[in-house]
Amino acid sequence: MDWWRLDLNPKVVAAVRKANIQSMKEILSLSGPDLQRLTKLSNRDVQYLHKTVAVATKSDPVVTALQMYNGQCPFPTQNQRLSMGCPILDLLLRGGIPLMGITEIVGESSAGKTQICMQLCLSVQFPCRYGGQESGAVYICTEDAFPNKRLQQLIAFQPMLRDDVPADVVNNIKFGNNIFIEHVADVESFNHCLSKRIPILLSRGLIRLVVIDSIAALVRCEFGAADSIVKAKCLQKFGTMLHHLSHRFCSPIICVNQVTGAVSDSHLAHSELGLLDRRVLPALGLTWSNQLLMRLMVCRTHICIEGKLPEGEVCASTTGTVIRRMEIIFAPHLPQSFCNYIINEQGVRGMKETGINRAETTLFSPCDNLL
């Protein structure tokens, strides 16, 4: 160790060498009295030696909670987000999807989960200054075939949806060439995909987003009611693998999940449903919930909007564009809140305040069909 690179008194350097201390790690691992006994230095010199070595080995600055709250965190990956492709939804999420961690989008059928995921696959391809990552995405399908026709429609309408991006930038992006589609039918092939195929794409910089649609379909097909322990271990394994990929390559993981009906009020009491009253719960239980960084729940309402946004007239009818709702169930950096959105030919678009009270809005649930 070249001790002369540090801002130390020559007397201190000579004492350290005489004590045969070879690295800064040894100094930091020794207590003050032990270091004083080995080097024969004064207490003041030992304290200064500890402080100098600690400053030299510190790789990242200390950040206070107030700095993080005000968005002044010096770590660039902490501040970066993947845009949802809509400024209103980005405002709800304070910038978009975090780059590191697993984000779950859960909801009943026809709530718009796949539409949101496809829009994220397009958003990730934009330059960083427009909320993207300048890279592609991999879309893992575990249920139905990938909706390629809908993807082509979304690509065609990108210049209209992303009017915040210059037209020449949008036209120069080859959206269809940067989305890798993988169909997985069982747990074994999904494990092989996570451990072999996806790391190659990430290491080559071809993708910066992983979408799994959906995680519940795999587990429900493989495990029965009596296999709860094996299922829990499998979910923990997949969660660990996904976290490793996300943190190693600084890439967000989006997992689509299904919902189940609440059998009794006791199930609702022990669950975290957010601000809105529902009779459905996210599938896969607490084991999977503990793997998540953020959970977003989406749903349909019985309210439709006539005309075009933002001048559209909101009315309770059976015609027009159905209003859907996105709610933050939990996230370490966000409060519980929600936002209305619609899905049209351009994609997913958030709605500003429309004067709809929460009490006036009824949510659509699969259980409604059984009544």
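Residues numbered from 1 in each chain as written. Predicted model: local features only at pLDDT ≥ 70, side-chain atom pairs only at ≥ 80, totals over all residues. Heavy atoms only, no water.

Q: Whenever I open this one, the side chain of D213 confuses me. Can you help?
A: Mapped onto the fold, D213 is located in strand β6 (residues 207-213). Side-chain polar atoms of D213 contact the side chain of T114, separated by 2.9 Å. Ignoring any residue separated from it by four or fewer positions in sequence, one finds D213 in contact with T114, Y139, I140, C141, T142, E143 and V256. (Helix = DSSP H or I, 4+ residues; strand = E, 2+ residues; numbered from the N terminus. Polar contact = N/O pair within 3.5 Å; in protein donor to acceptor, adjacent residues only side chain to side chain. Contact = heavy atoms within 4.5 Å.)

Q: What exactly am I supposed to notice about the environment of G112 here?
A: Within the element layout of this structure, G112 appears in the loop between β3 (102-107) and α8 (113-123). Placed 231 residues apart in sequence, G112 and I343 show a C-alpha to C-alpha distance of 7.5 Å. Discounting residues that sit within four places of it in the chain, G112 has contacts with R324, Y341 and I343.

Q: Got a minute to help me understand the nonpolar core in this structure?
A: The tendency in soluble globular proteins is for nonpolar side chains to be buried side by side. Counting 48 residues, the largest nonpolar core has L93, I97, I116, L209 and M326 as the members making the most contacts within it. When residues of this core are assigned to their parent elements, the largest contribution, six residues, is made by α8. If sequence neighbours within four positions are ignored, L93 has contacts with M84, M294, L296, I328, H333 and L334. In this structure, L194, L202, F249 and I329 belong to the second largest nonpolar core, which totals 38 residues. (Core = buried A, V, L, I, M, F, W, Y, C linked by side-chain atoms within 4.5 Å. Buried < 20%, exposed > 50% of the residue type's maximum accessible area, 1.4 Å probe, protein only.)

Q: Would you mind showing me how to read unusual backbone geometry here?
A: A negative phi holds for most residues other than glycine; trans holds for most peptide bonds. In this model, D213 is joined to S214 through a cis peptide bond whose omega is 5 degrees. Take S214: it is sitting in the loop between β6 and α13 (215-222). A positive phi is found at N20, a non-glycine position, where the angle reads about 60 degrees. Residue position: N20 is located in the loop between α1 (10-18) and α2 (24-29). The class for N20 is exposed, based on a relative accessible area of 52%. Positioned with a positive phi, R94 is a non-glycine residue whose angle comes to about 55 degrees. Looking at the element boundaries, R94 is found in the loop between α7 (87-92) and β2 (97-98).

Q: What am I meant to see in the packing of aromatic side chains here?
A: The description of two aromatic rings rests on the distance between their centres and on the angle between their planes. Per the counting criterion, the structure on display carries three aromatic pairs. Plain terms: the ring middles of F126 and F175 are 5.5 Å apart, the flat faces sit at 55 degrees to each other, and that makes the pair tilted. Here F175 lies in the loop between α11 (167-171) and β5 (179-183) and F126 lies in the loop between α8 and β4 (136-141), a separation of 49 residues in the sequence. Both residues of the pair, F126 and F175, count as buried. The interplanar angle of 70 degrees and the centroid separation of 5.0 Å between the aromatic rings of Y139 and F146 together place this pair among those described as edge-to-face. Of the two residues, Y139 and F146, neither departs from the other in class, the shared state being buried. (Phe/Tyr/Trp six-rings, centres within 6.5 Å; stacked < 30°, edge-to-face > 60°.)

Q: Explain helix α14 (residues 228-249) here, please?
A: An α-helical turn contains 3.6 residues, so a residue and the one three or four places further along point in the same direction. Counted at 1.5 Å a residue, the expected span for α14 with its 22 residues is 32 Å, and the 32 Å between its end C-alpha atoms agrees. As for α14, its buried residues are in contact with β3, α12 (187-203), β6, α13, β7 (253-257) and α16 (285-289). Positioned one or two residues after α14, C250 has a phi angle of 50 degrees, which is positive. (Expected span 1.5 Å × (residues − 1).)

Q: Explain α12 to me, please; I cannot follow it from the model alone.
A: For α12, spanning 17 residues, the distance from its first C-alpha to its last is 23 Å, which sits close to the expected 24 Å at 1.5 Å a residue. Of all bends in α12, the biggest is about 40 degrees, found at C193. Those residues of α12 that sit buried are V187, F190, C193, L194, I198, P199, L201 and L202. Elements that come into contact with the buried residues of α12 comprise β4, β5, β6, α13 and α14. Two or three places before E188, at the opening of α12, D186 has a side-chain oxygen 3.3 Å from that residue's backbone nitrogen. Positive backbone phi, approximately 75 degrees, marks G205, located one or two places after α12. (Bend = angle between axes of the 7 residues up to and from the residue.)

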